[in-house]
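# Analysis of the macromolecular model
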Amino acid sequence: MILNKKYFCIYFSLFLITSLFPQEQKEVKADSTKAERLEEVLITATRTVRQLSSLPLPAQIISKKELKSTNTIRLNDILNEQTGLITIPDFGGGEGIQLQGLDSQYTLILVDGVPLIGRSAGTLDLSRVTVGNIKQIEIVKGASSSLYGSEALGGVINIITEKPKQGFGGNVNYRLGAFNTNDFSTTIDYKKEKLGISAFVNRLSSDGYDLTESDNLNTVEPFSNYTLNTKLTYDFTENTDLFVSARYYTQNQDFIASEVLRGESNINEWNTHLQLNHKYNEKWSSYFEFYATRYKADEFLDDSDGLRFSDNFFNQLMIRPEIRATYSPKSKSTFIGGVGFNHETLERTDFTDEPIFNSPYAYLQYDTNPTEKLNIIVGARFDSHNEYESQFSPKAALRYEFNDKLALKGSIGYGFKAPDFRQLYFDFTNATVGYTVLGYNAVSTAIPLLEEQGQIANILVPISEFQDELKPESSIGINVGTDYKLTSNIKLNINLFRNTIDNLIDTRIIANKNNGQNVFSYFNVNEVYTQGLEFNASWKPNNQFKITGGYQLLYAKDKEAERAFEKGEVFARENPSSPSFQLDKEDYFGLYNRSRHMANLKLFYNIPKYKLNANIRTTYRSKYGLFDSNGNGYLDNYDNFVDGYSIIDIAVNKTFYKNYELGFGVDNLFDFLDTQNISNIPGRIIYGKLNIQF
Amino acid sequence: MKTIKLFTLLALFIGFSSCSSDDDGGTPLLEVESETFSNLHAPQVGGQGTGQDVSGAFTKFDFSTGQMTTSETDWDIAFRGTSIIVNGGVSLGTNDEPGRTGNAGAYIADGTFASISEVNISLIAQDSDTGYAIPSGSGNGWYLYNPQAFLITPIAGKILVFRTRDGKYAKVEILSYYENAPDNPDAMTDAGRYYTFNYIYQPNDGIITF
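Residues numbered from 1 in each chain as written. Chains lettered and ligands numbered in written order. Predicted model: local features only at pLDDT ≥ 70, side-chain atom pairs only at ≥ 80, totals over all residues. Heavy atoms only, no water.

What follows covers the overall build of chain A. In terms of helices and strands, chain A carries eight helices and 36 strands. Whereas a compact globule of 694 residues would reach a radius of gyration of roughly 26 Å, chain A reaches 26 Å, a difference of no more than 12%. Out of the 694 residues in chain A, the part that is buried amounts to 51%. When the accessible area of chain A is evaluated, it comes to approximately 31,300 Å², of which 56% is carbon and sulfur surface. In chain A, 70 side chains carry a positive charge and 84 a negative one; their mean positions are 11 Å apart. (Helix = DSSP H or I, 4+ residues; strand = E, 2+ residues; numbered from the N terminus. Rg over C-alpha atoms; globule rule 2.2 N^0.38 Å. Buried < 20%, exposed > 50% of the residue type's maximum accessible area, 1.4 Å probe, protein only. Areas by Shrake-Rupley, 256 points an atom, 1.4 Å probe, with all protein chains shown as cover. Lys, Arg positive; Asp, Glu negative; His and termini not counted. Charge placed at Lys NZ, Arg CZ, Asp CG, Glu CD.)

Laid out in structure tokens, this is it:
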């Protein structure tokens, strides 16, 4: 545990200091209906503050208001309700995001502009992130490596947290729901003149749940976790300010592998983020940023005699200093450029090495409005790296406003994802089954060793093929869309997208072992594309009522598979005991875990007279395949599919005595379950919530 | 209609007359028919996690009669559990494995039963002391094993092409490994090791098409 006495003291004293300040200067909240008329702004798309409505890129904001009215507690819950986004459980129990049909490992997750780490198997578990101190969530779709480098291949999700507000304030929030799930959050913040300070604590615990009664294991074992976040802002002058944030997350969960093998798994994560901003004049500003984060996961299993059966650890560190500057030669025309250095290390069980990644980078972007109606953004980034090929990621975007109602926008960008530590350095042999997985760089040392030990029966891929560097996965993302304001109350937008990924990293068998098992390693192979259409509509007839709807059509396919179908190399049977027949191109369904159709419809109702708000939200995803059930190696129309489903959530919140709010809601109203196929839907969740502002 | 009939008769006449001139008055070609054999029982003893070596007699099949046989010599292919052997080459040396007396061979072709219309002689292999011509193991040969459902299912698009012990050819598509070939077999309730397969035997010497 990093949470030793020293750290605790720091956190505690921050609390104490903040609570000692007298309650004064309580800010009178602006009338919320008025505030809504203001334009929503976001920072993720350009790294400068931009109006959402004028942006040439497909982007979206989830507001604090939506988070509050839906009584969401974790990031995965709210993202699941957004058009074209869905969280997918991985085998390790984490829930990662699928965006434009791309896997979780291709979407960069940021908190206040800096990345979260800890993707032990590629997935970044979004249930790690509490929404208790979130101001808004910004989602930018399409390749964004021109600003953010690796991982921003499909898009970027940036979680913007609350900063200290003028005066003294705070809140307490408690939600109790099914499975004895307790979520408690509190924030205290204070700002006077130059100094702002805030502290946030969240505790979430749950008894977990079990979808399969037949075994002794729970689907989700009991857990409890804490998130602590303290922030300090200091305005030296009107033009110079400092932002410091320290976040700490710790989770403890039972880890049960079988009736006899029991243990615990622990996650400890900290992030420190420092940003110093200075505005030289109307045209020039500069930002110095320092970010360091460590993600540590440990787990162990003991057998029934209390003897240690297995011990696993994962310990990743990232340090990133960055300097950037903006220059605005004239209004509505901005250059932003930055240079930085990314340093990462990882210690992990079953690694050949303690690898170090060093990657200096630089980027430049120009955002301009040559005419009133035209906005152009061009930018590029260069990432150098000690372990893989340097990457140059350009991007261009354009928006043209025909009139007040109609605008057309398009963007094209390059995105990449560097091979991760696991794909390079893994050296893992399954103790019970006996197969081996080797990272690309581990092959040349590990295979001769296995040969020496007499474990190799034959080598299928010679070691010489592992001389070149493993290439980063890269993609070209194209988005074309329109914004259309039918009336002042009805907004529509359509976006067509296509992401073409090259050098996708996959596993293959490189050698047979004498025990009948195989040696696997990683290699660049597939070309994959995801393409489709996203449609969003919102209708706000008055201040009390809001309806939003969204739909995504998706085709996510492997080009090599398409060719195999075209050539007539793929066969299937009507049922397992009928003669086989040849499949054609139309029979190829696409990649696993992708639904052709996803949709959502949300209705928000607000009655100021009773200080009451209510909403009903529904999401739908059409059928999808989890694996190749008929053994031809591809997902085709004759495989078994997970049936499509929809989930309906309702929530009602009422404010009492100005500062007290009571909420009640039901997630998954009709208790939808698919215990066979869907492990992250535990059934109906009834909950109550209490929120106190002070 | 009349024209068609006439035309057919004419075609048949030409066909027959040309045959007779080519074959020097030899026997006309025997008909090739698609057959289905159901519930060929292929029990085995031991193996599959029992800790014992596999043993038990193979169930032999003769394409020329279309029947099972217990003959030591007059058989083409034989089954035990998921293993399929041919009467050609040498024994792998498992318990109770019959000696090879003929010149049978085999390979697995990718296609539908209808699309495999000609034998590719160069692909034919025989059983050997390192492995069978029809490879054993899930995904290697004709079947897939689903460890969750304990189910053996024949892989779609895998057609077994055989040379018989006496140099004729046959093709086989295995449909089911379970008794009475249920549409959706259940390893818990349906008895396994019962082969149902479609086959075509080409009884004419030297003809490699079906």
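Another aspect to go through is the sheet that holds strand E6 (residues 107-111) of chain A. Residue and element names in this part refer to chain A. Spatial strand order, E3-E8-E9-E6-E7: five strands in an open sheet with mixed pairing. Two strands close off the open sheet at either side, each with one partner strand: strand E3 (59-63) and strand E7 (114-115). With two bridges joining them, E6 and E7 adopt antiparallel strand pairing. Counted as the bridge partner of leucine 110 is proline 115 from E7. (Pairing = 2+ DSSP bridges.)

Contact with chain B, which involves 19 residues of that partner, is made by 12 residues of chain A. Summing both partners gives a buried area of about 1,200 Å² for chain B against chain A, and 54% of it is carried by carbon and sulfur. Of all residues in chain B, Thr112, Ala156 and Leu175 of chain B give up the largest surface area on contact with chain A, accounting jointly for 37% of the area buried on that side. In this assembly, chain B and chain A are joined by one salt bridge. Residue arginine 573 of chain A is joined to glutamate 173 of chain B by a salt bridge in which the shortest nitrogen-to-oxygen separation is 3.7 Å. Along the contact surface separating chain B from chain A lie seven residue pairs in polar contact (both at pLDDT 80 or more). Those elements giving two or more residues to the side of chain B that touches chain A turn out to be strand E8 (151-154) and strand E10 (169-178) of chain B. The element contributing the most residues to the side of chain B that touches chain A is E10 of chain B, with four residues. In terms of residue class, the side of chain B that touches chain A is made up of nine nonpolar, seven polar and three charged. (Contact = heavy atoms within 4.5 Å. Buried area = accessible area lost by both parts, 1.4 Å probe. Salt bridge = Lys/Arg side-chain N within 4 Å of Asp/Glu carboxyl O. Polar contact = N/O pair within 3.5 Å; in protein donor to acceptor, adjacent residues only side chain to side chain. Nonpolar A, V, L, I, M, F, W, Y, C, P; charged D, E, K, R; others polar.)

This paragraph deals with the side chain of aspartate 183 of chain A. All names here are of chain A. Locating aspartate 183 in the fold gives a position in strand E11 (residues 181-192). Within the buried core, aspartate 183 has no salt-bridge partner, and the shortest N-O distance to an opposite charge, that of arginine 74, equals 4.1 Å. For aspartate 183, the contacting residues outside a window of four places in its chain are Ile73, Arg74, Asn173, Tyr174, Arg175, Asn202, Arg203 and Leu204.

Moving on: helix H8 (residues 559-566) of chain A. Residues and elements named next belong to chain A. Inspection of H8 places Lys559, Ala561, Glu562, Ala564 and Phe565 among the buried residues, and these make up the whole buried set. Structurally, H8 contributes buried residues whose contacts are with strand E27 (490-513), strand E28 (518-542) and strand E29 (545-558). Between the side-chain oxygen at the start of H8 and the backbone nitrogen of glutamate 560 there is a gap of 2.8 Å, and the oxygen is on aspartate 558. Positive backbone phi, approximately 75 degrees, marks glycine 568, located one or two places after H8.

A few words on the sheet that holds strand E1 (residues 34-41) of chain B. Strands in a sheet are paired, the pairing made by backbone hydrogen bonds, and the direction either parallel or antiparallel. Residue and element names in this part refer to chain B. What the five strands build is an open sheet, ordered E1-E11-E10-E9-E6; its pairing is antiparallel. Each of the sheet's edge strands pairs with one partner strand only, and the pair in question is E1 and strand E6 (105-110). Sheet twist, expressed as the average angle between the axes of neighbouring strands with direction ignored, equals 30 degrees. Sheet topology note: the strand E9 (residues 158-163)/E10 ladder contains four bridges and is antiparallel. What sits directly across from phenylalanine 162, in E10, is alanine 170. (Axes fitted to C-alpha atoms, helices over the stretch in contact; angles between N-to-C directions.)

Another point: the pattern of salt bridges. Counting across every chain of the model gives 37 salt bridges over all chains. Here glutamate 566 of chain A makes a salt bridge to lysine 585 of chain A, at a shortest N to O gap of 3.3 Å. With a gap of 19 residues between them, glutamate 566 of chain A in helix H8 and lysine 585 of chain A in the loop between strand E31 (580-582) and strand E32 (597-607) connect regions that are remote in the sequence. When its relative accessible area of 35% is taken as the criterion, lysine 585 of chain A is described as partly exposed. One salt bridge connects aspartate 205 of chain B with lysine 168 of chain B, and the closest N-O pair in it is separated by 3.8 Å.

So, on to the packing of aromatic side chains. Scanning the model with the defined rule gives 38 aromatic pairs over all chains in all. Taking 5.5 Å as the distance between ring centres and 80 degrees as the angle between the ring planes, the aromatic pair formed by phenylalanine 545 of chain A and tyrosine 605 of chain A counts as edge-to-face. With a gap of 60 residues between them, phenylalanine 545 of chain A in strand E29 and tyrosine 605 of chain A in strand E32 connect regions that are remote in the sequence. Ring centres of phenylalanine 63 of chain B and tyrosine 199 of chain B lie 5.7 Å apart, and the angle between their planes is 55 degrees; this geometry places the pair in the tilted category. Here phenylalanine 63 of chain B is found in the loop between strand E2 (59-62) and strand E3 (67-69), whereas its partner tyrosine 199 of chain B is found in strand E11 (residues 192-202), with 136 residues between them in sequence. (Phe/Tyr/Trp six-rings, centres within 6.5 Å; stacked < 30°, edge-to-face > 60°.)

Moving on to the nonpolar core. Ranked by size, the top nonpolar core spans 32 residues in total, and within it Leu438, Ile447, Ile510 and Val519 of chain A carry the most contacts. Among the secondary structure elements, those contributing two or more residues to this core are strand E16 (284-302), strand E17 (308-330), helix H6 (421-425), strand E24 (436-438), helix H7 (443-452), E27 and E28 of chain A. With residues near it in sequence (within four places) discarded, isoleucine 510 of chain A still touches Leu438, Val443, Ile447, Ile459, Leu460, Val461, Phe466, Val519, Phe520 and Ser521 of chain A. Listed in part, the 28 residues of the second largest apolar core include Leu40, Ile84, Ile134 and Ile152 of chain B. (Core = buried A, V, L, I, M, F, W, Y, C linked by side-chain atoms within 4.5 Å.)

Residue and element names in this part refer to chain A. Inspection of the secondary structure assignment puts threonine 44 in the loop between strand E1 (41-42) and strand E2 (50-51). Reaching out from threonine 44, the side chain makes a polar contact with the side chain of glutamate 138 at a distance of 2.3 Å. Each residue touching threonine 44, except ones within four places of it in the same chain, is listed here: Glu138, Val140, Leu147, Tyr148, Val156 and Asn158.

Summary statistics for chain A give a mean pLDDT of 89 and a share of 94% for residues scoring 70 or more. Overall, residues 8-37 of chain A carries pLDDT values under 50, and its contacts beyond four positions in sequence, including any with other chains, amount to 35 contacts. (pLDDT = per-residue confidence, 0-100.)

Residues and elements named next belong to chain A. Assignment of secondary structure puts proline 89 in strand E4 (residues 85-89). Along the sequence, proline 89 and glutamate 213 sit 124 residues apart, while their C-alpha atoms lie 20 Å from each other. Leave out the neighbours within four places in its chain, and proline 89 touches Gly94, Glu95, Ser679 and Asn680.

Along a regular strand, successive side chains alternate from one face of the sheet to the other. Residues and elements named next belong to chain B. Within E11, nine of the 11 residues are buried, which leaves it mostly tucked inside the rest of the structure. As judged from the six bridges shared by E1 and E11, these two strands associate in the antiparallel manner. Its bridge partner being in E11, serine 34 is matched across the sheet by isoleucine 200.

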